[in-house]
Amino acid sequence: MAVTESSHRQHEWEQRYSAGKTGWDRGQVSPALRHWLAAGQLPAGRVLVPGCGHGHEVAELIRAGCQVTAVDIASQPVMRLLGQLAELGLYANVVQADLLHWQPPGPFDAVYEQTCLCALDPGHWAAYESRLADWLRPGGSLLALFMQTGHQGGPPFDCPLPDMRSLFGAARWVWPDEPPLQVPHPNGLVEIGYLLTRR
Ligand SMILES: C[S@@+](CC[C@H](N)C(=O)[O-])C[C@H]1O[C@@H](n2cnc3c(N)ncnc32)[C@H](O)[C@@H]1O
């Protein structure tokens with residue numbers, strides 16, 4: 001059953017890439033990552049980029065001194081990212097896998113979560129949150145960009161703040177006091193960015 005569901009998920013995302021229906025793709029590094037790097041808020045350690053897509057942020061993270069693992073369920077962005085990194089002479093561990101089943105060999109210091117959550121069916125969000133918590137070392141950082149669509153259905157699925165506060169509950173996560181980043185997207189939607197800390 002799990003293999004069938006995974007294959008189905010992969011097929012859906014491969015189709016979007018084949019058809020060029022990649023409206024989420026900025027084509028460049030997100031201003032949110034630039035902000036967190038400039039503010040020194042991203043530790044230069046082991047960083048996971050789940051649902052990396054074309055992974056514009058991966059090279060930026062490597063150049064900032066991070067050891068990056070990037071994961072996506074679709075083969076097309078994974079192959080493209082591997083080719084681009086090779087051209088740039090950079091290395092990341094780029095993996096094609098379903099994050100709802102994948103297990104890394106060890107914990108990460110940070111996870112850069114740029115709109116992977118909103119790509120998953122909300123029925124899987126609790127399992128994904130639990131996986132994120134397991135993948136991070138205690139005190140590790142979750143740099144999360146929560147998609148705001150304001151409507152039902154998806155992907156992208158709406159990630160309203162009250163739901164995110166409940167999903168990433170206080171038992172496992174420390175929320176910052178500062179207001180979130182407001183990150184406009186060229187597609188007209190807005191992401192809100194929070195740096196959460198794993199307890
Ligand atoms: C909204 S896109 C975001 C891509 C990239 N982070 C960005 O901001 O450009 C979501 C990505 O998550 C990937 N994805 C969806 N479900 C996944 C899963 N179960 N496991 C791994 N990757 C998944 C998709 O293939 C897609 O590349």
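From a predicted model like this one, the values you see are computed outputs, not experimental measurements. Along each chain, residues carry numbers from 1 onward, in the same order as the chain's sequence is written. Per-residue local features of the predicted model are confined to residues with pLDDT of at least 70, and side-chain atom pairs are confined, for both listing and counting, to 80 or more; whole-chain, interface and lining totals are unaffected and use all residues. The basis for the side-chain values is all heavy atoms of the structure; hydrogens and waters are excluded.

> Would you take a moment to explain the overall build of the protein chain for this structure?
Note on conventions: DSSP H or I runs of at least 4 residues are helices, E runs of at least 2 residues are strands, and numbering of each starts at the N terminus. Of the regular secondary structure elements, the protein chain holds six helices and eight strands. For the protein chain, the succession of helices and strands along the chain, N to C, is α-α-β-α-β-α-β-β-α-β-α-β-β-β. Relative to a compact globule of 199 residues, whose C-alpha radius of gyration would be 16 Å, the protein chain shows 16 Å and is just as compact. For the protein chain, the spread of C-alpha atoms along the principal axes amounts to about 40 × 40 × 35 Å. Using a 1.4 Å probe on the protein chains alone, a residue whose accessible area is under 20% of its type maximum counts as buried, one over 50% counts as exposed, and one in between counts as partly exposed. Expressed as a percentage of the 199 residues in the protein chain, the buried residues total 48%. In this analysis, two residues are considered to be in contact whenever any of their non-hydrogen atoms come within 4.5 Å of each other. At a minimum sequence separation of 6, the contacts of the protein chain that also span at least 24 residues come to 69%. Per element, the accessible surface of the protein chain, about 9400 Å² overall, is 54% carbon and sulfur. If the 14 positive side-chain charges of the protein chain are averaged to one point and the 19 negative ones to another, these points end up 4 Å apart. The globule rule is 2.2 Å times the number of residues to the power 0.38, and the radius of gyration it is compared with is taken over C-alpha atoms. In this description, accessible areas are obtained by the Shrake-Rupley approach with a 1.4 Å probe, and a residue is regarded as covered only by the protein chains that are shown. Only four residue types enter the tally: Lys and Arg on the positive side, Asp and Glu on the negative side, with His and both chain ends excluded. In plain terms, the charge of a residue is placed at NZ if it is Lys, CZ if Arg, CG if Asp and CD if Glu.

> Explain the site of the ligand to me, please; I cannot follow it from the model alone.
In this text, near means that some heavy atom of the residue lies within 4 Å of the molecule or strand in question. The full set close to the ligand counts 16 residues, and Tyr17, Gly51, Asp72, Asp98 and Gln114 are the nearest of them. Here Tyr17 contributes a side-chain N or O atom positioned 2.6 Å from an oxygen atom of the ligand. Definition of a polar contact: a pair of N or O atoms within 3.5 Å, with one able to donate and the other able to accept a hydrogen when the atoms are protein atoms, and with sequence-neighbouring residues admitted only if both atoms are side-chain atoms. Separating a nitrogen atom of the ligand from a backbone N or O atom of Leu99 is a distance of 2.9 Å. In the complex, the protein chains occlude 97% of the 600 Å² of accessible area that the ligand would expose alone.

> Please explain unusual backbone geometry as it appears in this structure.
In this chain, Gly154 is followed by Pro155 through a cis amide linkage whose omega measures 5 degrees. Here the amide bond leading from Pro155 into Pro156 is cis, since omega sits at 0 degrees, within 30 degrees of zero. The backbone of Thr115 shows a phi angle near 60 degrees, a positive value even though the residue is not glycine. Structurally, Thr115 is set in the loop between β4 (108-114) and α5 (125-135). With a relative accessible area of 15%, Thr115 lands in the buried category.

> Would you take a moment to explain the packing of aromatic side chains for this structure?
We call Phe, Tyr and Trp rings a pair once their centres come within 6.5 Å, taking the six-membered ring for Trp, and we label the pair stacked below 30 degrees between planes, edge-to-face above 60, and tilted otherwise. Evaluation of the coordinates by the stated rule reveals 10 aromatic pairs. Look at Trp36 and Tyr112: their rings are 6.4 Å apart centre to centre, the planes differ by 85 degrees, and that puts the pair in the edge-to-face class. A residue pair is termed long-range when its members are at least 10 positions apart, and Trp36 in helix α2 (residues 31-38) and Tyr112 in strand β4 qualify at 76 residues. Tyr112 gets classed as buried once you look at its relative accessible area, which sits at 0%. Chaining the aromatic ring pairs together yields one cluster made of Phe146, Phe168, Trp173, Trp175 and Tyr194. Here, a charge over a ring means that NZ of Lys or CZ of Arg falls within 6 Å of the ring centre while also lying within 35 degrees of the ring normal. The side chain of Arg198 reaches across the aromatic face of Trp173, ending 6.0 Å from its centre.

> Mind showing me how you'd approach the state of the cysteines here?
Such a bond, covalent and formed between the sulfur atoms of two cysteines, is termed a disulfide. Pairs of cysteine sulfur atoms within 2.5 Å are identified as disulfides in what follows. Inspection of the entire model under this criterion finds zero disulfides. Summary of cysteine pairing: Cys116 is not part of a disulfide, and the nearest cysteine sulfur, belonging to Cys118, is at 8.0 Å. Free of any disulfide, Cys118 has its nearest cysteine sulfur in Cys159, 5.3 Å distant.

> Looking at this structure, how should I read the pattern of salt bridges?
Two side chains of opposite charge can pair, provided their charged atoms sit close to one another. Whenever Lys or Arg places a side-chain nitrogen within 4 Å of a carboxyl oxygen from Asp or Glu, that contact is recorded as a salt bridge. Summed over all chains, the structure comprises six salt bridges. Where Arg46 meets Asp109, a salt bridge forms, and the shortest distance between an N and an O atom there is 2.9 Å. Taken as a pair, Arg46 in strand β1 (residues 46-50) and Asp109 in strand β4 lie far apart in primary sequence, 63 residues in all. A salt bridge links Glu129 to Arg172; the shortest N-O distance between them is 2.6 Å. On the criterion of sequence distance, the pair formed by Glu129 in helix α5 and Arg172 in the loop between α6 (161-167) and β6 (173-174) is long-range, its members being 43 residues apart. Judged by its relative accessible area of 31%, Arg172 is partly exposed. Residues joined in a network through salt bridges with shared partners are Arg46, Asp109 and Arg137.

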